[in-house]
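One letter stands for each residue in the lines below.
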Amino acid sequence: SQTIHQWPATLVQPVGSPLSLECTVEGTSNPNLYWYRQAAGRGLQLLFYSVGIGQISSEVPQNLSASRPQDRQFILSSKKLLLSDSGFYLCAWSVLSAGAKNIQYFGAGTRLSVL
Amino acid sequence: GNSVTQMEGPVTLSEEAFLTINCTYTATGYPSLFWYVQYPGEGLQLLLKATKADDKGSNKGFEATYRKETTSFHLEKGSVQVSDSAVYFCALSDRDSSYKLIFGSGTRLLVRP
């Protein structure tokens, strides 16, 4: 069966520090991968998605970047965190097929507090 | 562009009450529709889905019917439990942009014993 792992679960970082959040998927090949951010009490904002190794699409201009160095690994990074980067970050995967209808499966999330 | 609109929360109910959370959508094509649930401190879980008009998705006592004529996908449950307290997200996936899910803003449900 497929599983998705995100770490760390919780992170407290000072303003201006770098960031690296990692997401890995097991049990499937060539998944589509996604990073979302959920601000407190708000809905989900799609930040990045990837359809293959090295292929990254950005949905919104921001202080963050994403990379996909391996088929089932998706990394969210920042060189210098801002206060506004605080939030709950969710990684998700899907496999496109007529039957799957782009069902996305989510990790447990990383709660980031920038102080 | 495509969008999803949900009723604002929080929705507060007593245990065993009837639940409705409204969801309407705007889409150019024929989207698939989803309800996801987020329990406190966790990621999102798929609750149910419907892929074409008049389909009814169901799971764990929750139901939603894909109504193309009213562009709606309202979530219902006949008798809620305290354990149903969570945030519920309506979402659509359009075939024209099939990489992406478009989410509503979420509705928080609080069920009191």
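From a predicted model like this one, the values you see are computed outputs, not experimental measurements.

S.K.: Could you give an account of the sheet that holds strand β8 (residues 62-65) of chain B, with specific residues and numbers?
M.R.: Residues and elements named next belong to chain B. Read from one edge to the other, the open sheet built from 4 strands follows the order β3-β9-β8-β7, with strand pairing classed as antiparallel. In this open sheet, the two strands that pair with only one neighbour each are β3 (19-21) and β7 (56-59). Strand-to-strand twist across the sheet, computed as the mean angle between neighbouring axes with direction ignored, equals 20 degrees. Where β3 and strand β9 (residues 75-77) come together, 3 bridges link them in antiparallel fashion. Among the inter-strand pairings, Ile21 is bridged to a residue of β9, identified as Leu75.

S.K.: Provide a residue-level description of the pairing of strand β4 (residues 23-26) of chain B, including the pertinent values.
M.R.: Residues and elements named next belong to chain B. Residues Cys23 and Tyr25 point to one face of β4 and are all buried, whereas Thr24 and Thr26, pointing to the other face, are not buried. Two elements, strand β1 (residues 3-6) and β4, share 4 bridges in a ladder whose sense is antiparallel. Counterpart to Val4 in the pairing with β4 is Tyr25.

S.K.: Which residues make up the sheet that holds strand β3 (residues 19-26) of chain A, and what values go with them?
M.R.: Either a parallel or an antiparallel arrangement is found when strands of a sheet pair, and the pairing is made through backbone hydrogen bonds. All names here are of chain A. Spatially, the 4 strands line up as an open sheet ordered β1-β3-β8-β7, and their pairing is antiparallel. This sheet does not close on itself; its edge strands, each paired only once, are β1 (3-7) and β7 (65-70). Geometrically, the sheet is characterised by an average inter-axis angle of 20 degrees between neighbouring strands, direction not taken into account. Here 5 bridges tie β1 to β3, and the two strands are oriented antiparallel to one another. Along β3, the bridge assignment pairs Thr3 with Glu26.

S.K.: Lay out the pattern of salt bridges with the relevant residues and their values.
M.R.: Residues and elements named next belong to chain A. All told, the structure shown has 5 salt bridges over all chains when counted by the stated rule. The closest approach of N and O atoms between Arg37 and Asp85, which form a salt bridge, is 3.7 Å. Taken together, the residues span a long stretch of sequence, with Arg37 in strand β4 (residues 32-38) and Asp85 in the loop between β8 (73-78) and β9 (87-94) at a distance of 48 residues. As far as burial versus exposure is concerned, Arg37 and Asp85 are alike and both buried.

S.K.: Help me get a handle on the interface of chain B and chain A, residues and values and all.
M.R.: Interfaces are frequently sized by the accessible area removed from exposure as the parts join. In this complex, chain B contributes 21 residues to the contact, which on the side of chain A involves 21 residues. Regarding the contact of chain B and chain A, the summed buried area is about 1700 Å², with carbon and sulfur atoms giving 61% of it. Along the contact surface separating chain B from chain A lie 0 salt bridges. Our count for the contact surface shared by chain B and chain A stands at 3 residue pairs in polar contact (both at pLDDT 80 or more). Those elements that provide at least two residues to the side of chain B that touches chain A are β5 (32-38), β6 (44-50) and β10 (86-93) of chain B. With 4 residues, the top contributor of residues to the side of chain B that touches chain A is β5 of chain B. For the side of chain B that touches chain A, the class distribution of residues is 8 nonpolar, 9 polar and 4 charged.

Reading guide: rules and limits
- Residues numbered from 1 in each chain as written.
- Chains lettered and ligands numbered in written order.
- Predicted model: local features only at pLDDT ≥ 70, side-chain atom pairs only at ≥ 80, totals over all residues.
- Heavy atoms only, no water.
- Pairing = 2+ DSSP bridges.
- Helix = DSSP H or I, 4+ residues; strand = E, 2+ residues; numbered from the N terminus.
- Axes fitted to C-alpha atoms, helices over the stretch in contact; angles between N-to-C directions.
- Buried < 20%, exposed > 50% of the residue type's maximum accessible area, 1.4 Å probe, protein only.
- Salt bridge = Lys/Arg side-chain N within 4 Å of Asp/Glu carboxyl O.
- Contact = heavy atoms within 4.5 Å.
- Buried area = accessible area lost by both parts, 1.4 Å probe.
- Polar contact = N/O pair within 3.5 Å; in protein donor to acceptor, adjacent residues only side chain to side chain.
- Nonpolar A, V, L, I, M, F, W, Y, C, P; charged D, E, K, R; others polar.

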